[in-house]
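Spelled out from the first residue to the last, the chains are:
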Amino acid sequence: MSHTTRIPSVLAIAVGSILLLHPVTAKPAAEREVYKEVIVPILRGKCYQCHAEAADNPSGKKKIKAKLDLTTIELIKKGGDEAPAAVAGDLEESLMIERIKLPHDDDDHMPPEDKPQTDEHELKVLEWWVKANLPEGKSMKDAGAPDDVLAAAEKVPSDEEVKKTLVKLFAKAEKNAAKLVADRKALEGAIAEVSGQFPNAIGFVSQQDSDLTFTAVSMRKDFKDEHLAKLAPVSEGLVDVNLGATSITDAGVANLSKMPRLRKLWLNGTGITDAGLDSIKALSALEYLNLYGTQVTDEGLKKLAGLKNLKKLYLWQTKVTSGAVEEFKKSAKDCDVNMGIKVE
Ligand code: HEC
């Protein structure tokens, strides 16, 4: 059973690695007080940010999801909307254990998928604690913790260490959030300028960053080379650009060399030829390139050999031959080249 996160967020990785860096606590696990010095640091690190009053919440804000406050044994026993979070001696009836053990992609899994996850040693201690009737006020040894549980508890940092780590992490997260707001604000004018000319064509890729995406698909053949130059104000921020089925030719494609962060580029069904690929071969961040239905030939493909991050290349209905693709694949091993269904 693995309790590492499947898609770890930056915060999850940071918490995981920082907590691992400080496993040493002054007291040996056997002497630590069960609840305050072992259980609390586990719950504080992984649960309090959504199940605690402001005073105990690492975010400094009150957040008690599902009406479940996990900061005292009484409140844990009382539980939230649904049921007690823990029932002394009864693992099956203890909702917090059940939720932690659900598959990570289950909507009810705790902590939520994109948040720092409980580690196996933490779950081991929590399960023992429930089975041992939720002891408090005595040492791990006096509460009868067996050797494997003591070994697991040894890896739990002290509550003070967890608090310190969380303070740093939340300060950092806040700083990043502030930076994101500022970055997005700085782009507002440029976005408005581009939107004014091409309504609904530009936007942010996601809520979490300030990367931009542009699509000319709805304009089709009305979108021409001279229009591409009008993206200049946002060129540094663009990561996805869809020019599929537009009137773009090699002349317009030259503008793309001013978009150094491009990761995905659609040029399918455009007038691009081998010459235009000269403007693309330096786009080193490119991961996806669609050249479906263009006049690109084997000579053009050779120009793309230096794109080390390219993972997907669409060459269906081009003049590229399968021999050239084989040659290309020798240097671009990680690139999936799609030739479509070809009748030889
Ligand atoms: C990022 C926020 C977040 C974190 C961290 C988190 N939870 Fe939750 N938790 C929620 C939300 C939201 C709900 C309500 C939705 C649901 O039931 O899935 C919830 C519901 C629950 C419930 C159901 C309560 C009831 O009676 O309905 C339990 C039990 C629970 N969480 C336990 C935990 C435990 C244990 C941890 C830490 C190991 C944890 N949660 C960490 C957000 C969080």
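Structure report, in brief. Bear in mind the structure is a predicted one, so any value in this text is a computation, not a measurement.

**A short note on the coordination of the iron atom of the ligand**
Here comes step 1: Bound to the iron atom of the ligand are the protein donor atoms H51 (NE2) and M110 (SD), situated 2.1 to 2.2 Å from the metal.
Here comes step 2: Coordination at the iron atom of the ligand is octahedral, judged from the 6 donor atoms that bind it and the angles of 85 to 179 degrees they form at the metal. Placement of H51 in strand β1 (residues 51–52) and of M110 in the loop between α4 (95–101) and α5 (120–131) is noted, with a sequence separation of 59 residues between them.

**Section: the site of the ligand**
Here comes step 1: Surrounding the ligand, one finds 23 residues, the nearest of these being C47, C50, H51, E82 and M110.
Here comes step 2: The separation between an oxygen atom of the ligand and a polar side-chain atom of R99 is 3.1 Å.
Here comes step 3: Each residue belonging to the shell around the ligand can be placed in one class, and the counts come to 12 nonpolar, 4 polar and 7 charged.

**Overview of the packing of helix α2 (residues 34–46) against helix α7 (residues 159–197)**
Helix-helix packing is described using two parameters, namely the angle between the two axes and the distance between the axes.
Here comes step 1: Closest axis-to-axis distance for the α2/α7 pair is 8 Å, and the angle between their directions is 15 degrees. Comparing their axes, α7 and α2 come out roughly parallel. As for how α2 packs across α7, the hand of that crossing is left-handed. Contacts between α2 and α7 pair K36, V40, P41, R44 and G45 from the former with D159, V162, K163 and L166 from the latter.

Rules used in this analysis
- Residues numbered from 1 in each chain as written.
- Predicted model: local features only at pLDDT ≥ 70, side-chain atom pairs only at ≥ 80, totals over all residues.
- Heavy atoms only, no water.
- Donors = N, O, S within 2.8 Å, 3.2 Å for Na, K, Ca; no water.
- Tetrahedral: all angles 85-135°; square planar, octahedral: opposite > 155°, others 65-115°.
- Helix = DSSP H or I, 4+ residues; strand = E, 2+ residues; numbered from the N terminus.
- Near = heavy atom within 4 Å.
- Polar contact = N/O pair within 3.5 Å; in protein donor to acceptor, adjacent residues only side chain to side chain.
- Nonpolar A, V, L, I, M, F, W, Y, C, P; charged D, E, K, R; others polar.
- Axes fitted to C-alpha atoms, helices over the stretch in contact; angles between N-to-C directions.
- Parallel < 35°, antiparallel > 145°, perpendicular 65-115°, else oblique.
- Left-handed = near helix turned anticlockwise from the far one by under 90°.
- Contact = heavy atoms within 4.5 Å.

Read these as layout, nothing more, since geometry by itself doesn't imply function.
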